[in-house]
Each structure stands twice: as structure tokens, then as C-alpha cells.
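For reference, the chains in residue letters:
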Amino acid sequence: MADDQHEEVSKKVSAEEEIRRGITVMRRVVQGRSRGIILDVYWNNQGQLIEPNGHTLTSFIGALVRNEIPITCDDWRNKELNESKEKIWSEIKRCFNIEEERRGFCMKLAGKLLRGFRTFLSSKFLKDADDNFVDAELPKKYESLISAEEWEAFKSKRQDPVFQRISATNRERASSPAYPYRKGRVGYGRLEQSMLQKEESSETSLPAHVLWKEARVGKSGVPQEEVLHVYQKCEELSQSLSPDDTKGILSRALDVPEYSGRVRGKGFGVTPTSLSIKKGKAPSNRELHARLEAMQAELDALRREREASASTVYRDASDKNSINCTFQPNIPEGISHCQLYLSSPYYRMVGKGKVHNVSGVLLHTRELPAGCLKVSVDIAVEPNAALPYPSDDSDATTVHEAVGSFVAWPTNLICVGYETPTKSKSKDNAIPRHTESTVSRKELQENEVSNASAQQKKEVSNASARVKSSGAKKTVARKKPTTKYRSCLRTFLEMTDIPTGGVRTVHMEVGIFGFDYDQMIGNEDFMQVFSHEEIGVTVVNTYIRLIRPNGLDVSFGFLAPATVNLGLILSRPDTVTEYVLRILMDNKDAEKLFFIPFNTGGHWLLLAINPIREIVYYLDSLGNDWTTYSDMKVLIDTVLQAFRAQRDIQTSRRGANSITWIKVACPQQRNQIDCGYFMLRFMRDTLALGRLMIPTDYFEEFKCAFYTKDQVDEIKEEWCQFMIELNVLFINLCN
């Protein structure tokens with residue numbers, strides 16, 4: 001009776017001063033226990049609490065944790081709480097029919113509910129409408145749960161500058177989510193249960209992206225357009241992926257990484273273990289170091305093998321002066337035009353010149369290094385690339401410094417067949433760089449387009465026929481790529497926790513995409529490369545970090561594919577416009593070619609933008625036209641017009657919309673997987689030549705009908721080699 005009177009008094013106080021709802025004490029559960037009623041609880045096959053009685057158990061645990069654990073407790077793992085946790089578990093077992101193996105779930109849920117209670121107290125009583133701190137007295141309703149000393153300590157903690165800084169960061173991160181959850185206290189488990197019951201389905205679970213969409217449907221019953229777009233993207237991806245890869249589908253559609261121990265779109269309680277994702281026994285530090293040393297030895301052997309192949313000697317042992325007498329089949333005797341390549345950190349062309357394959361030739365009165373030929377450097381394609389054998393006589397250490405002189409070059413990195421260009425055949429069309437400032441923007445556009453058209457008309461009959469007859473024409477002689485780096489990286493990977501949900505980070509400097517961040521990379525990303533699957537944004541971003549030309553970054557730039565893609569253009573066009581315009585304005589004083597690896601929701605293509613000349617190169621390995629993605633074209637046109645306006649460039653009304661789009665006849669893919677790899681090679685080819693203009697009929701040096709498997713494998717090998725050299729897998733592994 002006294003309890004009932006106290007409850008009536010509490011209700012009157014709360015109606016006047018506080019919130020109307022009283023303290024949850026779950027008398028129904030306790031009274032039922034006194035009568036011998038023990039409630040059964042149920043779980044889905046993923047280990048989540050469901051109805052009947054799932055909501056009751058959650059509320060009961062919340063009431064227990066508020067009574068047993070002080071609000072000053074900030075560390076749920078504190079061993080001093082073990083006694084209180086044991087009491088909570090005992091009370092749960094007395095009222096509910098629950099198995100011992102569910103204790104872990106219940107304790108995690110208790111910790112979550114305690115954090116929620118502390119957040120409620122802070123936001124309800126210690127902050128005003130403007131989010132400023134209020135020195136409030138202990139609410140009367142909670143005097144039975146919280147002592148005066150605990151309340152003062154709680155307030156003091158909330159006024160601590162370190163706590164406020166962390167709180168502000170977390171509050172900002174959680175504010176205005178792009179896809180807010182709209183089901184209140186209904187968790188994913190009970191939501192999934194109600195959906196299956198409503199559909200009278202015999203299934204025991206639903207795909208993560210289906211649950212994710214339904215959880216974001218409000219009272220109107222109509223999902224937002226951006227939510228539908230993500231769902232539709234997931235549906236498209238699900239057609240090309242296995243049913244077990246649902247986790248990866250949602251992550252790819254959202255362009256966000258997964259975190260260790262979490263399954264996106266499934267909610268609290270679902271872990272890789274509950275989804276039957278097997279975890280191997282973690283090796284001890286001693287075993288790990290032993291295996292790491294063995295793999296390091298294998299990697300060192302691989303490097304020595306590569307160096308040995310670069311220094312192979314082709315000579316007749318009986319003739320001391322005949323070091324270059326045994327000529328390689330692809331390098332004829334005498335003097336020939338050639339292209340010069342380097343193989344580290346990735347295989348690419350760095351210069352052009354002439355190779356002197358002559359018996360007994362000397363280099364600056366000295367014999368040539370073993371396995372090398374004498375070359376004269378005429379053009380530096382990658383000016384800052386280091387020479388394989390620096391010249392002692394001229395102090396040249398880079399390709400640019402070696403222009404006009406002789407150097408030694410490894411034989412296996414020389415490709416014969418290049419003709420050094422002389423003066424422009426059309427002097428009238430040539431625009432010297434030092435006079436560009438005196439030429440109008442319109443004239444520059446017309447000149448470049450006419451040059452591309454003239455070149456296309458000149459070469460189309462010969463080049464097109466040549467491509468059709470030869471299939472994939474190889475204009476550059478390369479060794480057939482091996483799978484050694486992929487095999488090595490895969491072995492390294494199996495020694496870590498990554499296959500069981502662990503993640504690593506690759507630091508992306510501000511100079512790459514215009515902002516500084518750590519790119520998370522997990523098992524799914526590695527398997528895309530190992531298993532030849534469609535690559536995601538993580539592989540694309542890290543490959544860009546690999547090929548980013550430090551010596552040519554004044555001429556080339558990149559925009560983040562996670563920020564510029566069709567999904568965000570449709571849902572948040574203002575955000576994309578602001579980002580692209582900011583990057584262009586930061587580089588408004590110099591002509592530059594910007595690459596945009598563009599994802600349309602299941603397909604990669606490449607946009608290369610020259611904002612100064614207002615030219616957009618469109619490279620699509622499926623052969624589609626840019627009109628296929630009209631929203632993309634409208635946004636890019638809008639950005640370039642805004643860029644023109646902010647630079648205060650005057651133009652006529654007729655020229656106001658004269659942005660030039662050029663569809664490049666690039667190599668075409670022959671399956672549904674290779675679009676990402678082709679797109680990466682388009683960037684790689686352009687950077688290798690260092691040109692700001694992409695010919696309409698593609699580069700003569702790399703022209704082909706399609707990239708072969710070997711050419712695609714080169715991308716994979718470069719990426720895997722880069723991951724190994726970054727030492728991504730084992731950073732902080734044993735700490």
C-alpha cells in the first residue's frame with residue numbers, strides 16, 4: 001500500500017516538473033515469478049532477441065542495471081562490477097527461462113542500456129534548449145536510484161573539458177545522418193521477425209539491405225528517394241554476387257567500410273560468429289613471428305629474382321669485348337628508336353630515345369653494366385623518375401636530367417619501335433605554351449578539338465583496320481605478368497585476423513583527394529583482387545595512391561570516387577558540386593587534367609576533365625555515351641560553368657554552354673567484371689605518357705581493341721606489390 005502511495009506522489013511531481021513516465025520497475029515480472037511463472041524468451045538463428053517477451057526482457061535488464069550499477073561507472077569492463085553483474089544475471093535467470101550461453105548477449109545489452117540511461121540524464125536535465133550546461137539538482141524521481149554524491153560526480157564528469165570535447169565530436173558525427181533509422185525502439189531482430197510473419201515466409205532471415213531499407217521507412221510508409229536508390233543499387237549488385245555476400249553488397253552500395261565484429265544492416269547482437277563465419281585460432285606471437293620471417297625470406301628471394309632478371313648478361317664468354325654481341329630478338333643490331341621503362345614501384349614508360357646495340361660500345365669510356373645497353377634519352381615522359389644507373393660523368397640522376405645524354409639501361413626494360421617526333425606537321429595548329437595566355441579560351445577549345453579530329457581522320461582507316469584485324473594489339477613488349485605478388489600477399493593475409501573480420505588502414509594524404517583520411521581495407525577488398533571480382537571503391541582509392549604522380553602532380557589530379565558518383569549526384573547534388581568546385585578552384589591558376597573514377601551503381605567509367613579549356617573526356621569500357629547518365633553530365637556542366645564564373649571569365653551567350661564532351665574510343669571490356677580494371681588502366685596509360693589531351697581514338701602507344709588478361713593482371717600485381725611494400729597487413733599486429 002505504501003508503495004502505491006509513493007508511486008502516486010511521484011506521478012504528481014513528474015507531471016509538474018519532469019517527464020510524465022515513471023521509473024520502470026517491472027513489477028509484473030517479479031510478481032509473476034512469485035506465482036511460479038517463468039517467462040520463456042526466444043532468439044532468431046542469428047542470436048538476436050525476438051518476441052514473445054523479447055521487449056519485456058530488454059526492459060527488465062534496463063531496470064536492473066539502473067538499480068545495480070552507479071551512473072558514475074564509465075568503464076563497463078571494470079572488474080569491480082563483476083559482483084553487480086553476477087547479481088543482474090541471477091535476477092534474469094530467476095524470472096526468465098534463459099540458457100547460460102546467452103549471458104554474454106545480456107551483459108552487452110545491459111552495458112548498452114546503461115550508456116543510454118546516462119545519455120538521457122545528461123541531455124534531459126543537464127542541458128538547456130541551446131545545448132548549454134545547466135547545474136541542475138538531482139531529479140526527485142531518481143532519488144531512489146542515484147545518491148547525491150553520485151549525481152555531483154556525474155555532473156563534474158560532464159563539465160570536464162576532455163569529456164566535452166569527445167562528446168561534441170560524437171554528437172557532430174551522429175547528427176543529421178544521411179539515412180536515419182526510423183523504427184524507434186524496435187530493433188532489427190524484431191523488425192525482421194514482423195516482416196517474415198507479415199509475408200508468411202518460410203525463410204528464417206532476410207538480406208541485410210532489405211532490412212536496412214525497411215528500418216528507414218517512417219510512419220508514412222514511403223521510403224525516401226535516397227534510401228530507395230541505395231536499395232536498388234543493392235538489388236543490382238545482388239545479381240552478380242553470391243547470396244552469402246549480402247554484407248558486402250550493402251557496404252558497396254553505401255561506399256562505407258565494415259568494422260571488425262559488426263555486420264551492417266543486421267543490428268545489435270549479430271556478429272560474424274552468429275552468421276557462421278568461421279574464425280581460425282589466432283596464432284601466438286612466437287608462431288606469428290616465425291611465419292612472418294619465413295614469408296619475408298620468400299619476399300626477399302622474389303626481389304632478388306627480379307633484380308637478377310634485370311641484370312642477365314647476354315654475351316659470348318670467349319670474347320671479353322663482346323658484351324653486347326648476342327642481341328636480343330626484339331632489339332635489332334645497330335641504332336634504333338625505343339621506349340624506356342621502369343618496373344618499380346610499378347611497370348610504366350618513363351622516357352623515349354635511341355638504343356645503341358653495337359658490339360663493343362662503351363659508355364663514357366667505361367664498359368656498360370651487365371645486362372644493359374647504351375641509350376640516348378630524347379624525351380622524358382616521367383621527368384622525376386630515377387635512372388636505373390645514374391651517370392657518374394654528367395651527375396644525372398633522373399630521366400629529365402639525362403635528356404640529350406647517354407646512359408645505361410637494362411635490356412629487358414627497353415622496347416624498340418618508337419619514332420621520335422620532329423616539328424609539328426601543322427604549324428598553324430600548334431599552340432606554343434608561352435603564347436597560350438594570348439589566345440582566347442574559345443580558340444583553345446576549337447584548336448584542340450580540331451587537332452583531335454584531324455588526327456582521328458588521318459589514323460582511322462589504318463589504325464581501325466589494324467585493330468580489327470589483330471584483336472588486342474600489343475604496342476609495348478612486356479613480360480607476361482606473374483602471380484607471385486598476389487600469392488605472396490594472399491599468404492601474408494592468412495596469417496592475420498583480416499579473413500575473420502579484421503581491418504587495416506591506408507593513409508590517404510590531403511594531396512590525393514583534397515582531404516586527409518585513413519582508408520579502411522578489409523578481407524572483401526583483398527578477395528576482389530585475388531578472385532577477379534568487380535572491384536570496389538577501396539581498391540580504386542588505394543591504386544590511385546599507388547600511381548599518383550608525385551613529379552607530375554602539377555599537371556594531374558584526382559577526385560574521390562566515394563564523393564563523386566551517381567548515387568550521391570542523385571541524392572545530394574549540392575554536396576558533390578561543392579566538393580568538385582572546391583578542388584578545381586584550389587588549382588585554378590594552372591592547366592590540369594583531373595581524373596574522376598565514376599561509379600554508376602555497378603559500373604566504373606572514367607571522366608578526365610580539363611577545367612581551364614572546359615573539355616571533358618569520357619572513357620567507358622562498355623561503349624555507352626554520356627547521355628546514358630544525364631544527371632552526371634548536368635552536374636559536371638554546372639560545376640564547370642560555376643568554375644568559369646568564379647574565375648570571372650567572360651564569354652558570349654552562344655559560348656556560355658560550350659563545354660566540350662569528347663567520347664574516347666578506348667579499349668572495350670568483354671565481360672561484366674573488368675570495368676574497374678579497365679578504368680584504372682585508362683588512368684595509368686594517361687599518366688605514363690604525361691599528356692593533358694587524350695586523343696579521340698585513344699593513345700597510339702596503348703591502342704588496342706581490348707585489354708588482355710595479362711594486361712589486367714598487371715594491375716593486380718602492381719596493387720599487391722604496393723600493399724606488400726606498404727606493410728599494411730602487419731602494422732601494429734603484435735602490439
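Going by the structure above, here's the rest.
Structure report, in brief. A quick note: this is a predicted structure, and the numbers were derived from the prediction, not measured.

Once that is clear, we can look at the environment of Met 195. With respect to the element layout, Met 195 can be found in helix α8 (residues 188-199). Counting along the chain gives 10 residues from Met 195 to Ser 205, while the straight-line C-alpha distance between them is 9.7 Å.

Another point: the pairing of strand β8 (residues 406-410). Burial within β8 is extensive, with 4 of its 5 residues counted as buried. When strand β7 (residues 372-380) meets β8, the two strands line up antiparallel, connected through 5 bridges. Pairing of Val 375 across the sheet is with Val 407, part of β8.

Along the chain, Glu 51 connects to Pro 52 via a cis peptide bond; the corresponding omega equals 0 degrees. Relative to the elements of secondary structure, Pro 52 occurs in the loop between β3 (49-50) and α3 (54-68). With a phi angle near 55 degrees, His 532 is a residue other than glycine that sits in the positive phi range. By the secondary structure assignment, His 532 is in the loop between α16 (523-530) and α17 (537-547). Of the residues examined, His 532 reaches a relative accessible area of 27% and is grouped as partly exposed. One non-glycine residue, Glu 614, lies in positive phi territory at about 55 degrees.

In the contact formed by helix α4 (residues 82-95) and helix α5 (residues 103-125), the axes pass within 11 Å of each other and the chain directions differ by 115 degrees. You can see that α4 and α5 cross each other, and the crossing is right-handed. On the side of α4, the interface is formed by Lys 85, Glu 86, Ile 88, Trp 89 and Ile 92, while α5 contributes Arg 103, Cys 106 and Met 107. Classifying every residue of the contact of α4 with α5 gives 5 nonpolar, no polar and 3 charged.

Moving on: the packing of aromatic side chains. Tallying each qualifying case throughout the model produces 22 aromatic pairs. On the numbers, 5.4 Å between centres and 35 degrees between planes, the contact of Phe 515 with Tyr 517 is tilted. Between the aromatic rings of Phe 678 and Tyr 707, the centroid separation amounts to 4.9 Å while the plane-to-plane angle is 65 degrees, which identifies the pairing as edge-to-face. In this pair, Phe 678 is assigned in helix α21 (residues 675-689) and Tyr 707 in the loop between α21 and α22 (709-726), connecting sequence segments 29 residues apart. Of the aromatic side chains, those joined through ring pairs into one cluster are Phe 678, Phe 682, Tyr 698, Phe 699 and Tyr 707. A cation over a ring is seen here: Arg 66 above Phe 117, with NZ or CZ 5.6 Å from the ring centre. Directly above the ring of Tyr 231 sits Lys 213, whose terminal nitrogen or CZ lies 4.4 Å from the centroid.

Strand pairing in a sheet relies on backbone hydrogen bonds, with the paired strands running either antiparallel or parallel. Reading across the sheet, the 5 strands line up as β12-β13-β14-β15-β16 and stay open at both edges, with mixed pairing between neighbours. For this open sheet the edge positions go to β12 (556-558) and β16 (660-663), each flanked by a neighbour on one side alone. Across the sheet, the mean angle from the axis of one strand to that of its neighbour is 25 degrees, orientation sign disregarded. Relative to strand β13 (residues 593-599), β12 runs parallel, the two sharing 3 bridges. Looking at β13, one finds that Gly 557 is bridged to Phe 594.

Rules behind the numbers
- Residues numbered from 1 in each chain as written.
- Predicted model: local features only at pLDDT ≥ 70, side-chain atom pairs only at ≥ 80, totals over all residues.
- Heavy atoms only, no water.
- Helix = DSSP H or I, 4+ residues; strand = E, 2+ residues; numbered from the N terminus.
- Buried < 20%, exposed > 50% of the residue type's maximum accessible area, 1.4 Å probe, protein only.
- Pairing = 2+ DSSP bridges.
- Axes fitted to C-alpha atoms, helices over the stretch in contact; angles between N-to-C directions.
- Left-handed = near helix turned anticlockwise from the far one by under 90°.
- Contact = heavy atoms within 4.5 Å.
- Nonpolar A, V, L, I, M, F, W, Y, C, P; charged D, E, K, R; others polar.
- Phe/Tyr/Trp six-rings, centres within 6.5 Å; stacked < 30°, edge-to-face > 60°.
- Lys NZ or Arg CZ within 6 Å of the ring centre and 35° of its normal.

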